Amino acid sequence: GNSVTQMEGPVTLSEEAFLTINCTYTATGYPSLFWYVQYPGEGLQLLLKATKADDKGSNKGFEATYRKETTSFHLEKGSVQVSDSAVYFCALVGGATNKLIFGTGTLLAVQP
Amino acid sequence: DGGITQSPKYLFRKEGQNVTLSCEQNLNHDAMYWYRQDPGQGLRLIYYSQIVNDFQKGDIAEGYSVSREKKESFPLTVTSAQKNPTAFYLCASSIQADTDTQYFGPGTRLTVL
């Protein structure tokens, strides 16, 4: 069935460091891919999405490219801020079940 | 302001009591969802509804019940049959079921004492 695998956290970075959070997926067909962010004590917010191969989603300085050949959707940001500290979830919808499937989340802690 | 509201933000109940969590949306979305989140884990789907007066079980429906009498409302009842109800509960909605982006409410943290 469909699944999403994220790198385990926590990821601890200093302010202005480069961020990569790895995400790979397993799905039949052509799923849509998402990154959601959850700030402490809050619900999830959509960060970015991509709906087909080679699409790049971007928002608030974050980017992710839909790579069908490597079944990946890695999240990147060139210079993180303390305010980026949160849990990041990779997710997909589509394929065999057409349900939104989440990874386990990666906690990012940015230190000043 | 359009969005999804969940109330209350924190909820405490004694073991053996049923409790109902509220979820309301004014986005005119057809589909609504309930997820459960436990510490260090991803979200797990409890129930979803594609349209008014219709709903389906998700991956962990046992011990929960829902209703969808109005388009904008999708309340979740956590029954006494749910063995481990303490968790963070998130409601979401989308324009159509499963084929579009889901938008989430702020969540309700339920603690059973």
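What counts, and where the lines are drawn
Residues numbered from 1 in each chain as written. Chains lettered and ligands numbered in written order. Predicted model: local features only at pLDDT ≥ 70, side-chain atom pairs only at ≥ 80, totals over all residues. Heavy atoms only, no water. Helix = DSSP H or I, 4+ residues; strand = E, 2+ residues; numbered from the N terminus. Rg over C-alpha atoms; globule rule 2.2 N^0.38 Å. Buried < 20%, exposed > 50% of the residue type's maximum accessible area, 1.4 Å probe, protein only. Areas by Shrake-Rupley, 256 points an atom, 1.4 Å probe, with all protein chains shown as cover. Lys, Arg positive; Asp, Glu negative; His and termini not counted. Charge placed at Lys NZ, Arg CZ, Asp CG, Glu CD. Pairing = 2+ DSSP bridges. Axes fitted to C-alpha atoms, helices over the stretch in contact; angles between N-to-C directions. Polar contact = N/O pair within 3.5 Å; in protein donor to acceptor, adjacent residues only side chain to side chain. Contact = heavy atoms within 4.5 Å. Disulfide = S-S within 2.5 Å. Buried area = accessible area lost by both parts, 1.4 Å probe. Salt bridge = Lys/Arg side-chain N within 4 Å of Asp/Glu carboxyl O. Core = buried A, V, L, I, M, F, W, Y, C linked by side-chain atoms within 4.5 Å.

## Points about the overall build of chain A
Argument step 1. Assigned secondary structure in chain A consists of zero helices and 12 strands.
Argument step 2. Beginning at the N terminus, the succession of helices and strands in chain A can be written as β-β-β-β-β-β-β-β-β-β-β-β.
Argument step 3. Against the 2.2 N^0.38 benchmark of 13 Å for 112 residues, chain A shows a C-alpha radius of gyration of 13 Å, consistent with a compact globule.
Argument step 4. Seen along its three principal axes, the alpha-carbon backbone of chain A occupies a region of about 45 × 25 × 20 Å.
Argument step 5. For chain A, with 112 residues in total, the buried portion stands at 43%.
Argument step 6. When the accessible surface of chain A is split by element, carbon and sulfur atoms take 50% of a total near 5,200 Å².
Argument step 7. One finds the centroid of the 8 positive side-chain charges in chain A at a distance of 10 Å from the centroid of its 10 negative side-chain charges.

## Re the sheet that holds strand β1 (residues 4-7) of chain B
Residues and elements named next belong to chain B.
Argument step 1. A sheet is described by the order of its strands in space; here four strands give the open sequence β1-β3-β8-β7, paired in antiparallel fashion. Both outer strands of the open sheet, β1 and β7 (64-66), are each paired with one neighbouring strand and no more. Each neighbouring strand pair of the sheet contributes to a mean axis angle of 20 degrees, computed without reference to strand direction.
Argument step 2. Across four bridges, the pairing between β1 and strand β3 (residues 19-25) is antiparallel. From the neighbouring strand, Gln6 faces β3, where its bridge partner is Cys23.

## As for the side chain of Arg68 of chain B
Argument step 1. As for its placement among the helices and strands, Arg68 of chain B is situated in the loop between β7 and β8 (76-78).
Argument step 2. From its side chain, Arg68 of chain B meets the backbone oxygen of Lys71 of chain B in a polar contact 2.7 Å long.

## A closer look at the environment of Val112 of chain B
Residue and element names in this part refer to chain B.
Argument step 1. Relative to the helices and strands, Val112 resides in strand β11 (residues 108-112).
Argument step 2. For Val112, a relative accessible area of 24% gives the class partly exposed.
Argument step 3. Setting aside its immediate chain neighbours within four residues, Val112 contacts Arg13, Lys14, Glu15, Pro85 and Thr86.

## Here we look at the state of the cysteines
Argument step 1. In this structure the tally under the stated criterion is two disulfides over all chains.
Argument step 2. The side chain of Cys23 of chain A participates in a disulfide bridge whose partner is Cys90 of chain A; the two sulfur atoms lie 2.0 Å from each other. Here the disulfide of Cys23 of chain A and Cys90 of chain A is left-handed, its torsion about the S-S bond being about -70 degrees. You can see Cys23 of chain A sitting in strand β4 (residues 23-26) and its partner Cys90 of chain A sitting in strand β10 (residues 86-93), a full 67 residues away along the chain.
Argument step 3. The side chain of Cys23 of chain B participates in a disulfide bridge whose partner is Cys91 of chain B; the two sulfur atoms lie 1.9 Å from each other. In this structure, the disulfide formed by Cys23 of chain B and Cys91 of chain B twists by about -75 degrees around the S-S bond and is classed as left-handed. Residue Cys23 of chain B is found in strand β3, and its partner Cys91 of chain B is found in strand β9 (residues 87-94); the two are separated by 68 residues along the sequence.
Argument step 4. Owing to a relative accessible area of 0%, Cys91 of chain B belongs among the buried residues under this scheme.

## Remarks on the interface of chain B and chain A
Argument step 1. Contacts between the two partners involve 19 residues from chain B, matched on the other side by 17 residues from chain A.
Argument step 2. For the pair chain B and chain A, the summed buried surface comes to about 1,400 Å²; carbon and sulfur atoms form 55% of the total.
Argument step 3. Inspection of the region where chain B meets chain A yields zero salt bridges.
Argument step 4. Linking chain B with chain A are five residue pairs in polar contact (both at pLDDT 80 or more), by the criterion used here.

## Considerations on the nonpolar core
Inside soluble globular proteins, nonpolar side chains tend to come together where they are buried.
Argument step 1. Counting 25 residues, the largest nonpolar core has Leu19, Trp35, Leu47, Leu48, Phe73, Leu75 and Tyr88 of chain A as the members making the most contacts within it.
Argument step 2. At the level of secondary structure, the elements contributing two or more residues to this core comprise β2 (11-14), β3 (19-21), β4, β5 (32-38), β6 (44-50), β8 (62-65), β10 and β12 (106-111) of chain A.
Argument step 3. The biggest single contributor to this core is β10 of chain A, with four residues.
Argument step 4. When neighbours within four sequence positions are excluded, Tyr88 of chain A is seen to be in contact with Gln6, Ile21, Trp35, Tyr36, Val37, Leu47, Phe62, Leu75, Gly105, Thr106 and Leu108 of chain A.
Argument step 5. Ile4, Leu11, Trp34 and Tyr47 of chain B belong to the second-largest nonpolar core, a separate cluster that totals 19 residues.

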